[in-house]
Amino acid sequence: MALSSAQQWRSKLIVGSTVYVTCRGTVTEVDKDTNKILIRYDGFANEGWWERNAKHLTESSAVDAQTKHNQLRLTFMNLQKQLEEKDKIISQCNQQLRGERTQYKKLQESYKTMQQQIRNQENVANDVDEEIGKLKQELARKRSASSRSRNHSVHSSTSASYTRDQMMVIMLCTSKPKHLIKPRDEIGSEQKGIHSSILKHEQNMSLWEKFTNVMNKKFDDYQTDLQHHKDGKKTSQLLTYFVHNKRQWQQQQNNMELVTEHLQELYEQQRKLKSSISKHEKNASGKHGEYNTILSDYEQSKARRIELERELKQKLKELNGECESENKLNETQCALLDEYNTLDIELTEYKALLDKCKAQIHKYREFDPANDERIKQMQCFFNAQWSQYMRVWDKWDAESIICWLKYLRERKQLVLSYDVDLEKILKSMKADNMDGASLPTVDKEDLRSIGFEVLNDRQEIYDEIRKLVSQYPETDEDEDGGHKAPKEFVCPL
């Protein structure tokens, strides 16, 4: 008898041929003894043996080319749109980063200038201390010479003058070291609150990432385990893995729904941080200018004081006035420097918090698409597994049928009464020798006899059975890949 075109095509299959069975796949091995071929499914890590003459085995080109073209075109458009949105976000981030780098360089230059000024002030202060020491020594020497003078009236007058107008002492007023300066109470409290909020998100994100790793590892383990089980023995295991993995991806989807809420909170913190940084930079700039002005006055006062000390006897009163002025200016400039250093420390902390906030925002942005793609892969994998499994319903036993009903209930395709006891029904099915081969002839009365008492339960199960049988017609191949004999020719013995 002449072979059909499909049979001729199947007889010519070799390693590397592209076929379509449940989904697109590639022939990786041909067993000539059993006339079977091993097919690896595209997009999945698993593979399966198929009879060369199986009806479900068709040419890849048999798939509707226009439908695939539309699907690919839609996928390409979606990817292109996502890419454009990401490019916009990257462009905005780069622009913002350039602005922040420019601002950081300006602050760095200002900081270096201040450090140089402080070093210059320290050098001047050392010179002044040396000059004061010399003046004190000279003053003591002159007083000693005056006390030995023959003119008693001059000695008394000079002594009275020095007693009445004693030289004031220059106070040593220095600013606090930066490591001893703490933020102001209200600023410190605000920064601690923001730090606590960001830390909460870091801990939350850490938990989500750990859960993601566990979910992905479990899924990989499920895939590996299911590949090493035979079709007849992996039914219960497949259901268990599906239920467990479904709960995990549902939990992950719940986490994904919270991403927007967390991002809004972090965006608000980012806005506050930027506002505080802008305010502190403005205040620090004003304080720095005021400090430079006071420092200039202080230096001028010191210069005048040194000049007056050289003429200590004639200008002692004027020297004391300038010393008092210098002390006040020095105290003011030290206070201003303390305020500037406080602003600088607070500004540094705000920038550190801003960097953490941006890093957390970046993690949240990556979390959603990564998990969305992974969950789609899981769903596609299990759909393919169940589709392949349901094609051989005529080889099911009673336990396989119950597992299938539980799968439908998990998918919300089947809603049963709360008091239905599937384990009890399984025992009844075994007692009645009900298996997959019985499904085409099962009616509602049979369902009542095995324990489905509620009419709605029987109706839903009956409809699902009819749908299964019509969607996947009973194969005319036996377990060895040969053709079954018609029922009327089968020996009753």
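Residues numbered from 1 in each chain as written. Predicted model: local features only at pLDDT ≥ 70, side-chain atom pairs only at ≥ 80, totals over all residues. Heavy atoms only, no water.

The next thing to look at is the overall build of the chain. Broken down by element type, the chain carries eleven helices and five strands. The long-range fraction of contacts in the chain, counting pairs at least 24 apart against all pairs at least 6 apart in sequence, stands at 72%. Surface exposure of the chain reaches about 30,900 Å², of which carbon and sulfur atoms provide 51%. (Helix = DSSP H or I, 4+ residues; strand = E, 2+ residues; numbered from the N terminus. Contact = heavy atoms within 4.5 Å. Areas by Shrake-Rupley, 256 points an atom, 1.4 Å probe, with all protein chains shown as cover.)

This paragraph deals with the packing of helix α8 (residues 398–410) against helix α9 (residues 422–431). At a closest axis distance of 9 Å, the pairing of α8 and α9 adopts a crossing angle of 150°. Comparing the axis directions of α8 and α9 gives the class roughly antiparallel. The two elements α8 and α9 cross, and the hand of that crossing is right-handed. Where α8 approaches α9, its residues Ala 398, Glu 399, Ile 401, Ile 402, Lys 406 and Arg 409 are matched on the opposing element by Leu 422, Glu 423, Ile 425, Leu 426, Met 429 and Lys 430. Classifying every residue of the contact of α8 with α9 by side-chain character gives seven nonpolar, no polar and five charged. (Axes fitted to C-alpha atoms, helices over the stretch in contact; angles between N-to-C directions. Parallel < 35°, antiparallel > 145°, perpendicular 65-115°, else oblique. Left-handed = near helix turned anticlockwise from the far one by under 90°. Nonpolar A, V, L, I, M, F, W, Y, C, P; charged D, E, K, R; others polar.)

Interaxial distance between helix α4 (residues 185–227) and helix α6 (residues 259–310) falls to 11 Å at its minimum, and their mutual angle equals 150°. It follows that α4 is roughly antiparallel to α6 by the angle criterion. The handedness of the crossing between α4 and α6 comes out as left-handed. Along its contact with α4, which presents Ile 187, Glu 190, Ile 194, Ser 197, Ile 198, Lys 200, His 201, Asn 204 and Trp 208, the element α6 presents Val 259, His 262, Glu 265, Leu 266, Gln 269, Leu 273, Ser 276 and His 280. The class makeup of the residues in the contact of α4 with α6 is seven nonpolar, seven polar and three charged.

Bringing the nonpolar core into the picture now. Ranked by size, the top nonpolar core spans 64 residues in total, and within it Trp 396, Trp 404 and Phe 452 carry the most contacts. Listed by contribution, the elements that provide at least two residues to this core are α4, α5 (235–257), α6, α7 (316–390), α8, α9 and α11 (455–471). A total of 15 residues in this core trace back to one element, the largest contributor, which is α7. Ignoring anything within four residues of it in the chain, the contact list for Phe 452 reads Leu 405, Val 420, Leu 422, Ile 425, Leu 447, Asp 457, Arg 458 and Ile 461. (Core = buried A, V, L, I, M, F, W, Y, C linked by side-chain atoms within 4.5 Å. Buried < 20%, exposed > 50% of the residue type's maximum accessible area, 1.4 Å probe, protein only.)

Overall, the coordinates contain 13 salt bridges when judged by the stated rule. Taking the shortest distance from any N to any O, the salt bridge between Lys 430 and Glu 399 comes out at 3.1 Å. Within this pair, whereas Lys 430 is found in helix α9, its partner Glu 399 is found in helix α8, the two being separated by 31 residues in sequence. By relative accessible area, Glu 399 is classed as partly exposed at 42%. (Salt bridge = Lys/Arg side-chain N within 4 Å of Asp/Glu carboxyl O.)

Glancing now at α9. Taken as a whole, α9 has its buried residues at Leu 422, Ile 425, Leu 426 and Met 429. Along the long axis of α9, the arc covered by the buried residues comes to 105°, so they all point the same way. What points out from α9, more than 90 degrees from its buried face, is the exposed set Lys 424, Lys 427 and Ala 431. Of the residues flanking the start of α9, the one acting as N-cap is Asp 421, its side-chain oxygen 3.3 Å from the backbone nitrogen of Glu 423. (Arc of directions from axis to C-beta. Polar contact = N/O pair within 3.5 Å; in protein donor to acceptor, adjacent residues only side chain to side chain.)

Time to look at unusual backbone geometry. Although it is not a glycine, Lys 412 sits at a positive phi angle of roughly 65°. Lys 412 gets classed as exposed once you look at its relative accessible area, which sits at 67%. The backbone phi angle of Asn 433 is positive, close to 60°, even though this residue is not glycine.

Locating Glu 464 in the fold gives a position in helix α11. Beyond its immediate stretch of four places on either side in the chain, Glu 464 contacts Trp 404, Leu 408, Gln 413 and Leu 414.

With that out of the way, let us pick up the packing of aromatic side chains. Under the counting rule described, the total for this entry stands at eleven aromatic pairs. Taking 5.4 Å as the distance between ring centres and 80° as the angle between the ring planes, the aromatic pair formed by Trp 386 and Tyr 389 counts as edge-to-face. Linking Trp 386 with Tyr 389, this pair stays in helix α7, spanning three residues, or about one helical turn. Comparing Trp 386 with Tyr 389 shows no difference in burial state: the two are buried. (Phe/Tyr/Trp six-rings, centres within 6.5 Å; stacked < 30°, edge-to-face > 60°.)

Here the focus is the environment of Glu 209. Along the chain, the position of Glu 209 falls in helix α4. It is 9.9 Å that separates the C-alpha atoms of Glu 209 and Lys 363, two residues lying 154 residues apart in sequence.

Let us look at the confidence of the model for the chain. Residues with a pLDDT of 70 or more make up 78% of the chain, whose mean pLDDT is 77. The low-confidence segment residues 61–66 (pLDDT under 50) makes two contacts with residues lying over four places distant or belonging to another chain. Predicted confidence for residues 479–493 stays below pLDDT 50, and this span has 15 contacts to residues more than four positions away or in other chains. (pLDDT = per-residue confidence, 0-100.)

Let's shift gears to the environment of Phe 381. Mapping Phe 381 onto the fold places it in helix α7. For Phe 381, a relative accessible area of 1% puts it in the buried group.

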